[in-house]
Amino acid sequence: MVTAIPLFGPIPGGPELLIILLVLVLLFGANKIPKLARSTGEAMGEFKKGREEVEEELQEMRDGKTEEESSTSTESTTEESSTSESESDSESETEEATEK
């Protein structure tokens, strides 16, 4: 028979939770606990925003690479056609100059 061993131990309930709350009130005072909770919530919100921004940037980088690859092939095709047009223009100008 296999028994599961909890990673962090048992979750405190009932009397243990009341003792923890009493110690918090004694350490920080009743006025500071809401301020601590608010600042903790704000910090968690900022952390979540930062994480989402990083995830968005990573996704843009992934999408950008596939777009760059396709745009690079399009640009090279455009450059080849413009190069051949400019070569034919310079050849016709050379022919006109020799005829004069």
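Nothing here was measured: the structure is a model prediction, and the numbers come from that model.

**Details of the overall build of the protein**
Okay, so step 1: What the protein contains, in helices and strands, is two helices and zero strands.
Okay, so step 2: For the protein, buried positions account for 1% of its 100 residues.
Okay, so step 3: Within the structure as shown, the protein displays about 9500 Å² of accessible surface, and the carbon and sulfur contribution to it stands at 60%.

**Considering a nonpolar patch on the surface**
Okay, so step 1: Taken together, the side chains of Leu17, Leu18, Ile19, Ile20, Leu21, Val23, Leu24, Leu27, Phe28 and Leu36 make up a nonpolar region of the molecular surface, amounting to roughly 920 Å² of accessible area.
Okay, so step 2: Counting residues per element, the nonpolar patch draws most heavily on helix α1 (residues 15-28), at nine residues.
Okay, so step 3: Relative to the elements of secondary structure, Leu21 occurs in helix α1.

**Regarding α1**
Okay, so step 1: For α1, which comprises 14 residues, the first-to-last C-alpha distance of 20 Å matches the rise-based estimate of 20 Å (1.5 Å per residue) to within 8%.
Okay, so step 2: The first or second residue beyond α1 is Gly29, which carries a positive phi of 90°.

**Digging into a negative patch on the surface**
Okay, so step 1: Negative charge collects at one region of the surface, where Glu42, Glu46, Glu52, Glu53, Glu55, Glu56, Glu57, Glu60 and Asp63 lie side by side.
Okay, so step 2: Tracing the backbone shows Glu46 in helix α2 (residues 32-99).

Conventions adopted
- Numbering of residues starts from 1 in every chain and runs along the sequence as written.
- Given that the model is predicted, a residue must reach a pLDDT of at least 70 before its local features are reported, and side-chain atom pairs must reach 80 or more before they are shown or counted; all residues, however, enter totals for whole chains, interfaces and linings.
- Hydrogens and water molecules were not included; the side-chain quantities draw on all heavy atoms of the structure.
- What counts as a helix is a DSSP run of H or I of at least four residues, what counts as a strand is a run of E of at least two, and both are numbered from the N terminus.
- Here the term buried applies to any residue with accessible area under 20% of the maximum for its type, exposed to any over 50%, and partly exposed to those in between, with areas from a 1.4 Å probe on protein chains only.
- Accessible areas in this description were obtained via Shrake-Rupley with a 1.4 Å probe; residue shielding takes into account the shown protein chains only.
- Nonpolar side chains (Val, Leu, Ile, Met, Phe, Trp, Tyr) are joined into patches within 5 Å and like charges within 9 Å, using only residues with over 30% relative accessible area and no salt bridge.
- Throughout this description, the term salt bridge denotes a Lys or Arg side-chain nitrogen within 4 Å of a carboxyl oxygen of Asp or Glu.
- Here the expected span of a helix is defined as 1.5 Å times the quantity of residues minus one.
- This count recognises Lys and Arg as positive and Asp and Glu as negative, with His and chain-terminal groups excluded.
- Note that the charge is assigned to NZ on lysines, CZ on arginines, CG on aspartates and CD on glutamates.

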